[in-house]
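Below are the chains, spelled out letter by letter.
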Amino acid sequence: MANIVRRAACNFLNVGSRSFSVTAPRHAKVSVLGAAGGIGQPLSLLLKQSTLISELALYDVANTVGVAADLSHIESAAQVKGYVGDSQLEECLTGSKIVIIPAGVPRKPGMTRDDLFNINAGIAMTLAEGASKACPDAMLCIISNPVNSTVPIASEVYKKNGVFDPRKLFGVTTLDVVRANTFISELKGTPVTQTQCPVIGGHAGATILPLLSQVEPSCEFTDEERAALTVRIQNAGTEVVEAKAGGGSATLSMAYAGARFAFALLQAMNGAKNVVECSYVESDVTGLQFFSTPLLLGPNGIEANLGLGTLIDFEQEAMEAMKPELSGSIAKGIKFANQ
């Protein structure tokens, strides 16, 4: 499984750069909702470089006109426009093929992703409502935390409006994969650009489960190494929050991960084969309604859920242990959307 995952990951720079080409590419409009924030600005900068994006629509409650003006000076083909406030949301979204939502407040020291729920859940619901009406066929990529709950919220919104397509709704968990690859490379000395580790589950704490038994190139881990590395990957977001000491959360690495996932989608939408990324989606793999696993992407979103592969005992036990927490987060999101 990890061998397939590598194919999407290793193409990150090429997809975003001038060297990437496809036959008769479809140049897409991409909207970023929350584009003036700590994730939104660097994410938009990375997206501006893609030759597969014809229009970059930036939305936020303030400051997007300035961000758009700044990015518009970059010598790449995508046209950039800023949109501000509720009255301009529909115009921003109309015609979009991919919508990325990093909007919301960041974590601060001492906060958990659940602490963000009361604020970010409402933001995610409002923006999902707008997207479901203005561009219901677009790929919807949710970064806003807590992803374990905001993705179920978006799902419920789309279902209420009669436009839900489970192939096109994604919780962006790519940062967990990026971190796993980096930390494994540091520990084992493998080439970082060739190290690939699938990460399953959710996108918070113990619900994040790196499948270290499926890493490529194959690595041997002692029990102690496996346990410590798993915990570090699970708590990596807190590591950044604490290091920034009140100055924010993981914005730059999240922007990179969000762009990597968007580029993978663009690549698949343009007919590339064997494009695989892990993402938190509606799933029947584990009995939980939403779960992150490696996905084969295609022109219409998810072509196949590649499942779990073969788990070792440590991973099987960790997956079973996470289920109550993840189930509760899913239920919390669904309840919020229907209250």
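Please refer to the structure placed before this passage.
Scoring rules and cut-offs
Residues numbered from 1 in each chain as written. Predicted model: local features only at pLDDT ≥ 70, side-chain atom pairs only at ≥ 80, totals over all residues. Heavy atoms only, no water. Helix = DSSP H or I, 4+ residues; strand = E, 2+ residues; numbered from the N terminus. Rg over C-alpha atoms; globule rule 2.2 N^0.38 Å. Buried < 20%, exposed > 50% of the residue type's maximum accessible area, 1.4 Å probe, protein only. 1 Å grid on protein atoms, 1.4 Å probe; cavity = no way out; pocket = protein on both sides within 12 Å on 5 of 7 lines; lining within 4 Å. Points joined across faces, edges and corners; volume = space filled by probe spheres on them. Nonpolar A, V, L, I, M, F, W, Y, C, P; charged D, E, K, R; others polar. Phe/Tyr/Trp six-rings, centres within 6.5 Å; stacked < 30°, edge-to-face > 60°. Lys NZ or Arg CZ within 6 Å of the ring centre and 35° of its normal. Polar contact = N/O pair within 3.5 Å; in protein donor to acceptor, adjacent residues only side chain to side chain. Salt bridge = Lys/Arg side-chain N within 4 Å of Asp/Glu carboxyl O. Pairing = 2+ DSSP bridges. Right-handed = clockwise from strand over helix to strand, strands pointing away. Axes fitted to C-alpha atoms, helices over the stretch in contact; angles between N-to-C directions. Parallel < 35°, antiparallel > 145°, perpendicular 65-115°, else oblique. Left-handed = near helix turned anticlockwise from the far one by under 90°. Contact = heavy atoms within 4.5 Å.

### Section: the overall build of the protein chain
- A tally of helices and strands in the protein chain yields 12 helices and 11 strands.
- Whereas a compact globule of 339 residues would reach a radius of gyration of roughly 20 Å, the protein chain reaches 19 Å, a difference of no more than 12%.
- Here the C-alpha coordinates of the protein chain stretch approximately 55 × 50 × 40 Å along the principal axes.
- Buried residues in the protein chain amount to 55% of all 339 residues.

### Regarding unusual backbone geometry
- A cis amide bond links Asn145 with the next residue in sequence, Pro146, at an omega value of 0°.
- Looking at the element boundaries, Pro146 is found in the loop between β5 (139-142) and α7 (147-160).
- In this structure, Pro217 follows Glu216 across a cis peptide bond, with omega equal to -5°.
- Within the element layout of this structure, Pro217 appears in the loop between β8 (208-210) and α9 (223-234).
- In this structure, Asn63 takes a positive phi of about 75° despite not being glycine.
- At Asn274, a position not held by glycine, the phi torsion is positive, near 60°.

### Comments concerning the layout of surface pockets
- The volume enclosed by the largest pocket comes to roughly 380 Å³.
- As for the largest pocket, its lining consists of 28 residues, of which Ile39, Val105, Pro106, Asn145 and Ser249 are closest to the centre.
- Elements with a contribution of two residues or more to the lining of the largest pocket: α8 (174-188) and α10 (236-244).
- For the lining of the largest pocket, a count of residues per class yields 11 nonpolar, 13 polar and 4 charged.

### Observations concerning the packing of aromatic side chains
- This structure, assessed with the given rule, holds 3 aromatic pairs.
- The interplanar angle of 85° and the centroid separation of 5.4 Å between the aromatic rings of Phe117 and Phe336 together place this pair among those described as edge-to-face. Note that Phe117 is positioned in helix α6 (residues 117-134) and Phe336 in helix α12 (residues 313-338), a separation of 219 residues in sequence. Neither residue differs from the other here; Phe117 and Phe336 are each classed as buried.
- Ring centres of Tyr280 and Phe290 lie 6.0 Å apart, and the angle between their planes is 35°; this geometry places the pair in the tilted category. On the criterion of sequence distance, the pair formed by Tyr280 in strand β9 (residues 275-282) and Phe290 in strand β10 (residues 290-298) is long-range, its members being 10 residues apart.
- A relative accessible area of 0% means that Tyr280 is categorised as buried.
- Given a relative accessible area of 0%, Phe290 falls into the buried group.
- The ring of Phe183 carries Arg232 above its face, with NZ or CZ at 3.7 Å from the centroid.

### Topic: the side chain of Asn145
- In this structure, Asn145 sits in the loop between β5 and α7.
- At 3.3 Å, the side chain of Asn145 forms a polar contact with the backbone nitrogen of Val147.

### Quick notes on the pattern of salt bridges
- Per the stated rule, a full pass over the model turns up 11 salt bridges.
- Taking the shortest distance from any N to any O, the salt bridge between Glu129 and Lys133 comes out at 3.0 Å. On the criterion of helical spacing, the pair formed by Glu129 and Lys133 is a turn pair, its members being 4 residues apart in helix α6.
- Judged by relative accessible area, which is 26%, Glu129 ranks as partly exposed.
- On the basis of relative accessible area, Lys133 is assigned to the exposed category, the value being 59%.
- A salt bridge links Glu225 to Lys188, with the nearest nitrogen and oxygen atoms 3.0 Å apart. Of this pair, Glu225 sits in helix α9 while Lys188 sits in helix α8, placing them 37 residues apart in sequence.
- Judged by its relative accessible area of 25%, Glu225 is partly exposed.
- One network of salt bridges, in which partners are shared, links Glu156, Lys159 and Glu282.

### Here's the deal with the pairing of strand β2 (residues 53-60)
- Across the 8 residues that make up β2, a large majority, 6, are buried.
- Of the pairings in the sheet, the one linking strand β1 (residues 28-33) to β2 comprises 6 bridges and is parallel in character. Bridge pairing in β2 links Ala28 to Ile53.
- Viewed along the sheet, the connection from β1 through helix α3 (residues 40-47) into β2 turns out right-handed.
- In this sheet, strand β3 (residues 79-84) lies alongside β2 in parallel orientation, the contact comprising 6 bridges. Paired with Asp60 across the two strands is Val84, which belongs to β3.
- Assessed by its sense of winding, the connection that carries the chain from β2 through helix α4 (residues 64-72) to β3 is right-handed.

### A word on the packing of α8 against α9
- Where α8 meets α9, the axes come as close as 10 Å, and the angle between the chain directions of the two elements is 140°. One way to sum up the angle between α8 and α9 is to call them oblique. Judged by the twist between their axes, the crossing of α8 over α9 is right-handed. When α8 is examined against α9, the residues Asp176, Ala180, Phe183, Ile184, Glu186, Leu187 and Lys188 are found in contact with a partner set consisting of Glu225, Leu229, Arg232 and Ile233.
- For the contact of α8 with α9, a count of residues per class yields 6 nonpolar, no polar and 5 charged.

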